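Here is what each chain is made of, one letter per residue.
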Amino acid sequence: MKSLLFTAFIFLTISLQAQPEIEKLNEIKNLGAKINTNNIEGEPKISSDGNTLYFTRRNDRRNVGGKNDDGDIWFSKLLEDSSWTEAKNLGKPVNNYSFNQVIAIHAGGKIMLISGEYQNDKHSDIYITALSQLGWSTPKIIPFENLSFKNDDATYSASSDLKILILSMKNYNNGIGKNDLYVSKRTAEGNWSEPINLGDSVNTPDEELYPIIAHDKKTLYFSSKGHKGYGDFDIFMTKRLDEDWNNWSTPQNLGKKINTIGYDADFTFDAKNQFAYISSDMESVEDFDIYRLEIPKQNKPSAVVILAIDIKNLNKSPNIIYSVVCKDLINDAIITKEDSVLDNFDLILSVGKDYKLEISAQNYLTFVDTIKLADKQNFQTISSNYTLLPTSKQFNFNQTTQIENSINYNSVNIENLDSLLNQVNFQVKKSSSRKKLIPVKALETKQSFTIIINSLTFETGKSSLSEEETKMLKELAMELNFNKNLMLEIIGHTDNTGSEATNLRLSNIRAKQVANHLINLGIDENRITHKGMGESQPVAPNDNIEYRKYNRRVEFRIYLKN
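Numbers given for residues are sequential positions, taken from 1 along each chain in its written order. For a predicted model such as this one, the threshold for reporting local features is a pLDDT of at least 70, and the threshold for listing and counting side-chain atom pairs is 80 or more; totals across whole chains, interfaces and linings nevertheless cover every residue. Just so you know, side-chain values use all the structure's heavy atoms and leave hydrogens and water out.

> Which parts of the structure should I look at to understand the pairing of strand 2 (residues 40-46)?
Two faces belong to every sheet, and in a regular strand the side chains alternate between them. Within strand 2, seven of the seven residues are buried, which leaves it mostly tucked inside the rest of the structure. Connecting strand 2 to the next strand, strand 3 (residues 52-58), in antiparallel fashion are five residues, including Gly50 with a positive phi near 80 degrees. Relative accessible area decides the class of each residue, using a 1.4 Å probe on protein chains only: under 20% of the type maximum gives buried, over 50% gives exposed, and in between gives partly exposed. In this text, helices come from DSSP runs of H or I with a minimum length of four residues, and strands from runs of E with a minimum of two, each type numbered from the N-terminal end. A pair of strands is considered paired only if DSSP assigns at least 2 bridges between the two.

See the structure below:
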């Protein structure tokens, strides 16, 4: 890795000294003295929201290894006035005496993939680290399956969900050229699969380096000396043509606003796709600085939306593993699945389609929500707050008196990363039937289960259904029609406003209202039963106006027909 990087610096230094076309990069802005020094700053990586910049600084006396340190990871925060804070060293245990760099950032900046030498094996491998109140955890290696040798000159890029790795390696497995691009996926065991060559539409007999996979997971940027360009290495863009990671469009040169006659490589951008961050020595032949430039419209990846998820549980129980499944609403394909110890993190979703989000945890009711992005065209951040309701028998009213800040929801135990990352579905799966709300595993074990649709709650004393609620019931009806062996029990609940008799009657009305709506949608009435429980089974304290609304609900118990 280090030898390749310093070779790149020499190429760029020589080429830019006699480079009149540098004026064509007039939109580039140096990020200033709070980030850049007289030392070399390179390998920039920006968080999805664009608010935190990570980079590697070489030979700084404040590095862990001092002036002789090949590179430590530093970071800076973006302020409201668009300036940057004074860069800080990330410190131990992420930084050590070897060359350290960030590969990818996940979960709103709480988890990172990094590269370095952390096990005294004298090779640069890929590690994962997580942030807690105690700081960054000791890096933990993610091994490759069947990788026959260590490739110290490899360069990497990972998707923002850390499921896909694009890497450049030389002399591996009878490659096409000197340095080829490969794809690797996270396996169910948590390792990286054996790398597969991206093919001759991307790779040439020469060198392809510094891949960058965009947030849409379809657009790939890389530097190449083999494709036609303006000089030495140029940056190119290619798009994945289908779900196969080996079928790519003809790479397109990013043009003279980005590429020069010199060595062009090593850039990053956030989910907004507005600015790219690069390392260059255009203002000096002695050191590299971090710069920002605006990405030309024709070179931008597809727009995405950051879905900022914040999960609360009414038991306020710590260390819960949340299962978050996001599906394509039309074809039922799993877009992403997270088993997370985090209660707030980001999902990055492509615009132009609607999604189904299912959130569950042990001893809690499953929440289902629709994320509507079909009519979205541009980047935006959507904040979604979810409160998981415990099953009635599991709710502990005494725990509601705990102070919110007394529980460290943001801490991450590195030993729990298997739950967060290892149980991930990497391949999109298509189903012949619509099973969006129904856990197949529960059906296979002949267990009944209860779900609550996120939007299906009621105003005090009312039983009418909103337009959004009728849409959710329509989808439930479609699934029941596709699964004729399923029975449905509808259970109505209320808060304690009013008398017990009134609430019992109201809960029956709510359950019957929902049952009649499903029958009108074509569900055989013999498959549906309904009852009201009144105020007898609260899932939240009724003396709290914010929590009380969760008791005005309808639950669906689904089970197999005998």
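> What should I look at first to understand the pattern of salt bridges in this one?
Opposite charge on two side chains lets them pair, provided their charged atoms get close. Any carboxyl oxygen of Asp or Glu that lies within 4 Å of a side-chain nitrogen of Lys or Arg is treated as forming a salt bridge with it. For the structure shown, the criterion picks out 15 salt bridges. The closest approach of N and O atoms between Arg57 and Glu41, which form a salt bridge, is 2.8 Å. With Arg57 in strand 3 and Glu41 in strand 2, this pair connects stretches of sequence that are 16 residues apart. We note that Arg57, like Glu41, is buried. As a salt-bridge pair, Asp328 and Lys353 come within 3.2 Å of each other at their nearest N and O atoms. Of the two residues, Asp328 sits in strand 23 (residues 322-328) while Lys353 sits in the loop between strand 25 (344-350) and strand 26 (354-360), which places them 25 residues apart along the sequence.

> What exactly am I supposed to notice about the confidence of the model for the protein here?
For residues with low pLDDT, the predicted coordinates do not support detailed interpretation. With 77% of its residues at a pLDDT of 70 or more, the protein shows a mean pLDDT of 79. This stretch, residues 1-26, has a pLDDT under 50; its non-local contacts, to residues over four places away or in other chains, come to 60 contacts. Per residue, pLDDT captures the predictor's confidence, and it can take any value from 0 to 100. Any two residues whose heavy atoms approach within 4.5 Å are treated as being in contact. Scored below 50 in pLDDT, residues 392-445 shows 140 contacts in the model against residues more than four places distant or in partner chains.

> I would appreciate a short explanation of the environment of Asp200 in the present structure.
With respect to the helices and strands, the residue Asp200 is situated in the loop between strand 14 (196-197) and strand 15 (208-213). A relative accessible area of 65% places Asp200 in the exposed class. Placed 23 residues apart in sequence, Asp200 and Gly177 show a C-alpha to C-alpha distance of 9.3 Å.

> I would appreciate a short explanation of the side chain of His227 in the present structure.
Within the element layout of this structure, His227 appears in the loop between strand 16 (219-224) and strand 17 (234-239). Its relative accessible area of 17% is what places His227 among the buried residues. If we skip the residues at most four places from it in the chain, His227 touches Ser201, Val202, Thr204, Glu208, Phe222, Phe236 and Pro251.

> When you look at the sheet that holds strand 21 (residues 289-294) in this model, what are you seeing that I'm missing?
Strand pairing in a sheet is mediated by backbone hydrogen bonds. Such pairs are either parallel or antiparallel. Spatial strand order, 1-21-20-19: four strands in an open sheet with antiparallel pairing. Two strands close off the open sheet at either side, each with one partner strand: strand 1 (29-30) and strand 19 (267-269). Two strands pair when backbone bridges link them, and strand 1 and strand 21 are joined in this way by two bridges, in the antiparallel orientation. Looking at strand 21, one finds that Lys29 is bridged to Arg292.

> Help me understand the nonpolar core in this model?
Side-chain atoms within 4.5 Å are what join buried Ala, Val, Leu, Ile, Met, Phe, Trp, Tyr and Cys residues into a set we call a nonpolar core. By size, the foremost hydrophobic cluster in this structure holds 50 residues, and its most contacted members are Leu113, Ile309, Val324 and Leu357. A per-element tally of this core places strand 22 (residues 304-313) first, with four residues. In this structure Val324 touches Ile309, Ile311, Thr336, Lys337, Glu338, Phe345, Leu347, Leu357, Glu358 and Ile359, once residues within four positions along its chain are discounted. One finds Leu465, Leu473, Leu488 and Phe556 within the second-largest nonpolar core, a separate group that totals 17 residues.

> Please explain the packing of aromatic side chains as it appears in this structure.
The description of an aromatic ring pair rests on the distance of the ring centres and on the angle between the ring planes. Here a pair means two rings of Phe, Tyr or Trp (six-membered ring of Trp) with centres within 6.5 Å. Their orientation is stacked below 30 degrees between planes, edge-to-face above 60, and tilted elsewhere. Inspection of the entire model under this criterion finds nine aromatic pairs. Three or more aromatic residues joined by ring pairs form one cluster here, namely Tyr221, Phe267 and Phe269. Both a distance and an angle decide whether a charge sits over a ring: NZ of Lys or CZ of Arg must be within 6 Å of the ring centre and within 35 degrees of the ring normal. Note that Arg186 overlies the ring of Trp192, its terminal NZ or CZ placed 5.5 Å from the centroid.

> Where do I start with unusual backbone geometry in this structure?
Keep in mind that most residues, glycine aside, have a negative phi and that most peptide bonds are trans. For the bond from Lys92 to Pro93, the omega torsion is 0 degrees, close enough to zero to count as cis. With respect to the secondary-structure elements, Pro93 resides in the loop between strand 5 (88-89) and strand 6 (101-106). With a phi angle near 55 degrees, Asn171 is a residue other than glycine that sits in the positive phi range. Positionally, Asn171 belongs in the loop between strand 12 (164-170) and strand 13 (179-185).

> Sorry, what's going on with the sheet that holds strand 15 here?
Pairing in this open sheet of four strands is antiparallel, and the strands run 15-16-17-18 from one edge to the other. The open sheet has two edge strands, strand 15 and strand 18 (252-253), and neither has a second partner. Bridge analysis of strand 15 against strand 16 gives four bridges, and the strand direction is antiparallel. Paired with Glu208 across the bridge in strand 16 is Ser224.

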